[in-house]
2 protein chains.
Amino acid sequence: MKTLTVELGARRYPIYIGSGLLAQPDIFRQHIKSTQVLVVTNDTVAALYLQPVLNQLQDYRVESLILPDGEQFKTLDTLSTVFDKLLAAKFSRNATLIALGGGVIGDMGGFAAACYQRGIAFIQIPTTLLAQVDSSVGGKTGVNHPLGKNMIGAFYQPQCVIADADVLDTLDDRQLSAGLAEVIKYGLIRDIEFFVWLENNMEALLARDKTALAYAIEQSCVNKAHIVAEDETESGVRATLNLGHTFGHAIETGSGYGHYLHGEAVAIGTCQAADLSRRKGWLTEADVDRIISLFMKARLPVIPPAQMTTEQFLELMAVDKKNVDGQIRVILLKTIGAALLPIDVESSLLQQTLNSYGRH
Amino acid sequence: MKTLTVELGARRYPIYIGSGLLAQPDIFRQHIKSTQVLVVTNDTVAALYLQPVLNQLQDYRVESLILPDGEQFKTLDTLSTVFDKLLAAKFSRNATLIALGGGVIGDMGGFAAACYQRGIAFIQIPTTLLAQVDSSVGGKTGVNHPLGKNMIGAFYQPQCVIADADVLDTLDDRQLSAGLAEVIKYGLIRDIEFFVWLENNMEALLARDKTALAYAIEQSCVNKAHIVAEDETESGVRATLNLGHTFGHAIETGSGYGHYLHGEAVAIGTCQAADLSRRKGWLTEADVDRIISLFMKARLPVIPPAQMTTEQFLELMAVDKKNVDGQIRVILLKTIGAALLPIDVESSLLQQTLNSYGRH
């Protein structure tokens, strides 16, 4: 087992990465402060991993809540059912919530923990590659709104993150690829060596080679933990983690939550951001091709949905959290391995990307 | 104008207390960072004070949202309409939300600001005595749940609080009295001199004597600001502000939100807490009588609703935020002017209070 630490002063916490972690009751014991524990999961994950987790929690008064699986359920209404459960169980402010699932469960579980009685402890057990390398680390929690993704939420840090590589055995291929989109992101924004490693090891990752996967998870978490420690509430460098996300969120919202996986939309959005970076004169055509190739190698989509118009993109991108006073801001690449802070982009160039990239 | 400061390090902020403050655009200008402003208010307050506030905001892009008036609307559903408004207006993370109203508007507006895009700036303009002396100061925000009051929320501090004593001119008598319940609380928990002052000046307060009201507001805010600065997230002394609230919240929830005003329920609950403090051997019968008399002088109810049973109280008090692992904890008085931290109370004594106090 490897232990990384997210250095956030009084809110610092460990990320445990390894195999067989769900069978180690000590990790749970160390981070649960009271007798009351609620495990929040979804129907897909519950069938596989709820019982193994409950087995480690026999000393506690445990309740579990199984939510429907999918981004389309990441809403205030679903969140409300978590509060119903906590209150029906009369759980107090010193209860612990365990979020067992992918990014949707982690974001909602974390936000429920942030709001219940103005904040209870929570533990992230990410069960998708995407959640292990990205969404479970850093304390971004929240739900979607019909008009924008992740628009309602809180910065709220967990007690710990337990990333058990074994749970990836049951992940379907599409979810594995979606996670790789965020893994590639770390290479693009700040780690050229990792990007090259990914170019050379993508087949091993897709073949679920344990050593390769463990390295990719660790390297992603190292990068993420550095950025979060430097800028917890995204007033600066943390925004670079949103490479491709302004386009990607528009794709998710515009095509209906649940149609694209988050990582798939981010893959497409990152290719659009790369195209725009080329139009700014920073990336070469060869760079853009190299980026698109790696996403394709990871079996990810790279072309925006045909039915989404430029106007729809602009409308949806206008509600992005990085925007200032209505001006659309995006994360672009200076080179492969170096992202820039959010910049206002000339609307003529943005429109060129939206009109041209992937439109034939 | 008096300016008090809530000392919370990087989150420190001023409370402005005085007359004619809503007509001073400089206060707004100083605390609004961007062009986007949403004023959230209710239908009662809007008719009186929305236009005067909007008059000070002509340099901004202002939207306003008028919610229905009443504790029964302090819900996740109403909160959701604030997000709808912010997103429809495409407001960004640097927008400012102004909560113009009583405790319900302040709690909901503050919670909406805490959650929108994971946190935007907000300003409290409390328009009831209760909000001016208590709920607008200290950053407790949130909404109710059918199973418990203020069960969903966040600690989130405003940019400033603007307490304009002039707005109390239009407050109805019942609301004025409800505010006095929280004013009396400060005397009871930590300020015996203020308690005596209240005994001597209650008629002046009820007659809306401006000097008396201004003194009561200031003294209450001084007490509140001290406590909040010492213990922002209620891990210690802040809990004493909940004197009477464990009983009071049960009364509010049990009789249906909107039936009792919060201050009315707190008045009754504080008398119950005083009765229980006597049973613990701390207060004398004369102390309890003196407390009940002051609440009655303030034209507040002091007897629990006849239809609420002891069992219902116990059931509702079991979900209070101060509880630990299911054990009911309450704030009691050692003497008039000195509250104790939350304590587990022998259920036999609690039942005696619930069975006897106010039951004839």
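Residues numbered from 1 in each chain as written. Chains lettered and ligands numbered in written order. Predicted model: local features only at pLDDT ≥ 70, side-chain atom pairs only at ≥ 80, totals over all residues. Heavy atoms only, no water.

Engineer: Outline the interface of chain A and chain B, supporting the account with residue identities and numerical values.
Structural biologist: The partner chain B presents 40 residues to the 40 residues of chain A that form the contact. Between chain A and chain B, a total of about 3,600 Å² is buried, with carbon and sulfur atoms accounting for 55% of that surface. The three residues of chain A that bury the most area against chain B are A:Leu87, A:Arg93 and A:Arg118, which together make up 23% of that side's buried surface. With its nearest N and O atoms 3.5 Å apart, the salt bridge here joins B:Glu234 to A:Arg93. Between the two partners, chain A and chain B, sit 13 residue pairs in polar contact (both at pLDDT 80 or more). Those elements giving two or more residues to the side of chain A that touches chain B turn out to be helix H3 (76–88), helix H4 (103–115), strand S7 (140–145) and strand S8 (148–155) of chain A. Of the residues that constitute the side of chain A that touches chain B, the class distribution is 16 nonpolar, 13 polar and 11 charged. (Contact = heavy atoms within 4.5 Å. Buried area = accessible area lost by both parts, 1.4 Å probe. Salt bridge = Lys/Arg side-chain N within 4 Å of Asp/Glu carboxyl O. Polar contact = N/O pair within 3.5 Å; in protein donor to acceptor, adjacent residues only side chain to side chain. Helix = DSSP H or I, 4+ residues; strand = E, 2+ residues; numbered from the N terminus. Nonpolar A, V, L, I, M, F, W, Y, C, P; charged D, E, K, R; others polar.)

Engineer: Tell me what's going on with helix H13 (residues 347–356) of chain A, and back it up with residues and numbers.
Structural biologist: All names here are of chain A. Of all the positions in H13, only Leu 349, Leu 350, Thr 353 and Leu 354 are classed as buried. Buried residues of H13 fall within an arc of 135 degrees about the axis and therefore sit on the same side. Buried residues belonging to H13 abut helix H9 (245–254), helix H10 (262–279) and helix H12 (310–317). (Buried < 20%, exposed > 50% of the residue type's maximum accessible area, 1.4 Å probe, protein only. Arc of directions from axis to C-beta.)

Engineer: Account for the UniProt feature "domain: 3-dehydroquinate synthase C-terminal" (unreviewed entry) in chain A, naming residues and giving values.
Structural biologist: The sites that UniProt annotates as "domain: 3-dehydroquinate synthase C-terminal" (unreviewed entry) are residues 179–323 of chain A. The distance separating the terminal C-alpha atoms of residues 179–323 of chain A is 26 Å; by composition the span is 67% helix and 0% strand. (UniProt positions renumbered as here; feature names shortened; annotations may be inferred.)

Engineer: Go over the relation of the copies chain A and chain B with me, naming the residues and quoting the values.
Structural biologist: Turning chain A through 180 degrees and shifting it by 0.0 Å along the axis lays it on chain B, with an RMSD of 0.0 Å. The operation mapping one copy onto its partner corresponds to a two-fold rotation axis. Closest approach to the rotation axis within chain A is made by the C-alpha atom of A:Leu76, at a distance of 3.9 Å. Comparing interface residues between copies, 100% of those in chain A also sit at the interface in chain B, which points to an isologous, same-surface contact. (Least-squares fit on C-alpha atoms with pLDDT ≥ 70 in both.)

Engineer: With reference to specific residues and values, describe the domain arrangement of chain A.
Structural biologist: Residues and elements named next belong to chain A. As assigned here, chain A comprises domain 1 (2–170) and domain 2 (173–356). Averaged C-alpha coordinates put domain 1 and domain 2 at centres separated by 25 Å. Of the residues lining the interface, 36 residues belong to domain 1; the matching set on domain 2 comes to 37 residues. Between domain 1 and domain 2 lies a buried interface of about 3,100 Å² when both sides are counted; carbon and sulfur atoms form 63% of it. In terms of surface lost to domain 2, no three residues of domain 1 exceed Leu 129, Val 133 and Lys 149, which account for 20% of the buried area on that side. Among the ionic pairs, Lys 224 bridges to Asp 134, the shortest N-O distance being 2.6 Å. The tally of links between domain 1 and domain 2 comes to 18 residue pairs in polar contact (both at pLDDT 80 or more). Only strand S1 (2–6), strand S2 (13–18), helix H5 (129–135), S7 and S8 provide two or more residues apiece to the side of domain 1 that touches domain 2. For the side of domain 1 that touches domain 2, the element with the highest residue contribution is H5, accounting for six residues. Its residues assigned to classes, the side of domain 1 that touches domain 2 comprises 15 nonpolar, 12 polar and nine charged. (Domains from an automatic or database assignment.)

Engineer: Explain the pattern of salt bridges residue by residue, including any values.
Structural biologist: Close approach of charged atoms allows side chains with opposite charge to pair. Residue and element names in this part refer to chain A. Per the stated rule, a full pass over the model turns up 51 salt bridges over all chains. The residue Asp 107 makes a salt bridge to Lys 74 at a minimum N-O spacing of 2.7 Å. Taken together, the residues span a long stretch of sequence, with Asp 107 in helix H4 and Lys 74 in the loop between strand S4 (61–67) and H3 at a distance of 33 residues. No difference in accessibility class separates Asp 107 from Lys 74, as the two residues are buried.

Engineer: Please set out the side chain of B:Lys321 residue by residue, giving values where relevant.
Structural biologist: By the element assignment, B:Lys321 lies in the loop between helix H12 (310–317) and strand S10 (329–330). It turns out B:Lys321 is buried and unbridged, and the closest side chain with the opposite charge, B:Asp320, is 6.1 Å from it. From its side chain, B:Lys321 meets the backbone oxygen of B:Asn150 in a polar contact 3.1 Å long. For B:Lys321, the contacting residues outside a window of four places in its chain are A:Arg93, A:Gln117, A:Arg118, B:Lys149, B:Asn150 and B:Met151. (Lys, Arg positive; Asp, Glu negative; His and termini not counted.)

Engineer: Any chance you could break down the sheet that holds S1(A) for me, citing the residues and the numbers?
Structural biologist: What links the strands of a sheet is backbone hydrogen bonding, and the strands pair in either a parallel or an antiparallel sense. Residues and elements named next belong to chain A. Taken in spatial order, the seven strands line up as S1-S2-S9-S6-S5-S3-S4 in an open sheet, and their pairing is mixed. Where the open sheet ends on each side, the last strands, each with one partner, are S1 and S4. Averaged over all adjacent pairs, the angle separating strand axes in this sheet is 20 degrees, with direction ignored. Bridge count between strand S3 (residues 36–42) and strand S5 (residues 96–101): four bridges; the pairing is parallel. Following the sheet pairing, Val 40 is matched in S5 by Ala 99. Those strands touched by helix H2 (residues 43–55) are S3, S4, S5 and strand S6 (121–126), and its axis lies near 150 degrees from that of S3. The sheet contacts of helix H8 (residues 210–230) involve S1 and S2, and relative to S1 the element is tilted by about 20 degrees. (Pairing = 2+ DSSP bridges. Axes fitted to C-alpha atoms, helices over the stretch in contact; angles between N-to-C directions.)

Engineer: Could you give me a rundown of helix H9 (residues 245–254) of chain B, with the residues and numbers involved?
Structural biologist: Residue and element names in this part refer to chain B. Among the 10 residues in H9, nine count as buried, and that is most of the element. Among the residues making up H9, those that are buried are His 245, Thr 246, Phe 247, Gly 248, His 249, Ala 250, Ile 251, Glu 252 and Thr 253. On the buried face of H9, the contacting elements are strand S8 (148–155), helix H6 (173–190), helix H10 (262–279), H12, S10 and helix H13 (347–356). Once H9 ends, the next one or two residues include Gly 256, with phi positive near 90 degrees.

Engineer: So, the UniProt feature "binding site: Zn(2+)" (unreviewed entry) in chain A: which residues are in play, and what are the values?
Structural biologist: All names here are of chain A. UniProt records the feature "binding site: Zn(2+)" (unreviewed entry) at Glu 182, His 245 and His 262, using the numbering of this structure. In terms of the greatest pairwise C-alpha distance, the residues named above, spread along 81 residues, form a tight cluster of at most 10.2 Å across. Note on placement: Glu 182 falls in helix H6 (residues 173–190). In contact with Glu 182, other than residues within four places in its own chain, are Leu 130, Val 133, Asp 134, His 245, His 262 and Val 266. A polar contact is formed between the side chain of Glu 182 and the side chain of His 245, at a distance of 3.0 Å. On the secondary structure map, His 245 appears in helix H9.

Engineer: So what's going on with the side chain of B:Lys149? Residues and values would help.
Structural biologist: All names here are of chain B. As for its position among the elements, Lys 149 is in strand S8. A polar side-chain atom of Lys 149 sits 3.2 Å from a polar atom in the side chain of Glu 252. In this structure, Lys 149 is in contact with Glu 71, Lys 74, Asn 144, His 249, Glu 252, Thr 253, Tyr 257, His 262 and Lys 321, ignoring residues within four places of it in sequence.

Engineer: Explain the pairing of S4(A) residue by residue, including any values.
Structural biologist: All names here are of chain A. Looking at chain direction, S3 and S4 are connected through seven bridges and run parallel. The partner of Asn 42 across the bridge, within S4, is Leu 67. Handedness of the β-α-β unit built from S3, H2 and S4 comes out right-handed. (Right-handed = clockwise from strand over helix to strand, strands pointing away.)

Engineer: Give me the lowdown on the packing of H6(A) against H8(A), citing residues and values where you can.
Structural biologist: Residues and elements named next belong to chain A. Close contact between H6 and H8 brings their axes to 10 Å; oriented N to C, the two are set at 50 degrees. For the element pair H6 / H8, the angle class is oblique. Helix-helix and strand crossings are classified by hand; for H6 and H8 the assignment is left-handed. Across the interface between the two elements, Leu 176, Val 183, Tyr 186, Ile 189 and Arg 190 from H6 touch Leu 213, Ala 216, Ser 220, Asn 223, Lys 224, His 226 and Ile 227 from H8. Along the lines of polarity and charge, the residues of the contact of H6 with H8 split into seven nonpolar, three polar and two charged. (Parallel < 35°, antiparallel > 145°, perpendicular 65-115°, else oblique. Left-handed = near helix turned anticlockwise from the far one by under 90°.)

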